[in-house]
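Notes for the structure review
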2 protein chains.
Amino acid sequence: MGRWEPDARGRLERAALELYAERGFEQTTVAEIAGRAGLTERTFFRHFADKREVLFAGSAVLRDHIVNAVAIAPASATPIDAIAAGLDAAAGMFPLERREHARRRADVIAANADLRERELTKMASYSVALVEALRKRGVGEPAASLTAEIGIAVFKIAFARWLDESNDRGYLDLVRESLAELKTVAAAD
Amino acid sequence: MGRWEPDARGRLERAALELYAERGFEQTTVAEIAGRAGLTERTFFRHFADKREVLFAGSAVLRDHIVNAVAIAPASATPIDAIAAGLDAAAGMFPLERREHARRRADVIAANADLRERELTKMASYSVALVEALRKRGVGEPAASLTAEIGIAVFKIAFARWLDESNDRGYLDLVRESLAELKTVAAAD
């Protein structure tokens, strides 16, 4: 093990995103990322399995945050309210000062077909985890699958709006508005 | 051009799915598919660009069916009702006698990571097309994105239930039930 490097993980993450944005994801090597961060490759591999992992390591953390909040929502909460509690809980991961980083990440992913597919696969795994969490709450089918998919849809839309250059509202505000909009949209006859 | 082969496309499709199920998608060659169908490779390539295309050629047709029905829904229809009209219109592509084929296709896709990712990418393209169709109807944001995502969610769930071995209900019945369930789920407070 090498010596302890202050905020090595954060430095590697920032260096990687800078390089992916400048040169493209494919063209960037782990050696270059470590070099830009002033660290060694060895240190890189203590934090990330590969260069793709830098972009997706946060995803499992986010999923666990959401799923745990769904699980511990009051027993009296309806399925959609349990999902809402889950999406609210994600707010801690998306403070305003994180937005520039999130935008850069989204741009890198949008520019690469493999990364876009990885992102879609990740979203599909969120859905599976949410269905499981709802089933444990006693929600039957098709309500569990439908509510999980709706939750993902609300999250995707709120998150895309949060990333939008013209937006200056917070994630929590946007996710709640999307949920309210969902109710309006679904109720219309 | 070779001579006309009666139902060459259907024969190739059935032969391909049989072989993918027996040997796996990766292990099957175009020569084998053509051979099983009693046709030439040349005939295969008149109908499909490659062996993956056999599984996804119907997707563009389905998307156009749905999107066209959304576009021509009465001007008075709400966004969710326009989407419902689109999902209804897809029923013509899913008669009962098509179900065994659709199940086999789903099993082949589920067994291969590349095919699963392709299927997810296809679903994402449906969403983009639906948002566009809703915008042309004058639906603003985030309602258009949200309604499109919800429509895809309803379709995915109804379609998965239609494929389920234990199900013997029709696609139209299931898609309408999922839409009704959506309204119940979204309204709950």
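Look above for the structure.
A brief structural summary. (Residues numbered from 1 in each chain as written. Chains lettered and ligands numbered in written order. Predicted model: local features only at pLDDT ≥ 70, side-chain atom pairs only at ≥ 80, totals over all residues. Heavy atoms only, no water.)

**Considerations on the pattern of salt bridges**
Residues and elements named next belong to chain A. According to the stated counting rule, one finds 34 salt bridges over all chains in the structure shown. Here Glu-32 and Arg-23 are joined by a salt bridge, their closest N and O atoms 2.9 Å apart. For Arg-23, a relative accessible area of 39% corresponds to the partly exposed category. Connected through shared salt-bridge partners, Arg-161, Arg-169, Asp-173 and Glu-177 make up one network. (Salt bridge = Lys/Arg side-chain N within 4 Å of Asp/Glu carboxyl O. Buried < 20%, exposed > 50% of the residue type's maximum accessible area, 1.4 Å probe, protein only.)

**What to know about helix α1 (residues 8–23) of chain B**
All names here are of chain B. Here α1 is 16 residues long and its end C-alpha atoms lie 22 Å apart, about the 22 Å a rise of 1.5 Å per residue gives. By the burial criterion, the buried members of α1 are Ala-8, Gly-10, Leu-12, Glu-13, Ala-15, Ala-16, Leu-17, Leu-19 and Tyr-20. Among the structural elements, α2 (30–37), α3 (41–47), α4 (53–72) and α6 (99–110) are those in contact with the buried residues of α1. Once α1 ends, the next one or two residues include Gly-24, with phi positive near 95°. (Helix = DSSP H or I, 4+ residues; strand = E, 2+ residues; numbered from the N terminus. Expected span 1.5 Å × (residues − 1). Contact = heavy atoms within 4.5 Å.)

**Examining the interface of chain A and chain B**
The interface of chain A with chain B comprises 27 residues on the first partner and 27 residues on the second. Run the count over chain A and chain B and you get two salt bridges. Among the ionic pairs, Lys-156 of chain B bridges to Glu-149 of chain A, the shortest N-O distance being 3.1 Å. Put simply, chain A and chain B have two residue pairs in polar contact (both at pLDDT 80 or more) between them. At the level of secondary structure, the elements contributing two or more residues to the side of chain A that touches chain B comprise α5 (79–89), α7 (113–136), α8 (143–163) and α9 (171–187) of chain A. Looking at the side of chain A that touches chain B, the element that brings in the most residues is α8 of chain A, giving eleven residues. The residue makeup of the side of chain A that touches chain B, split by class, is 14 nonpolar, five polar and eight charged. (Polar contact = N/O pair within 3.5 Å; in protein donor to acceptor, adjacent residues only side chain to side chain. Nonpolar A, V, L, I, M, F, W, Y, C, P; charged D, E, K, R; others polar.)

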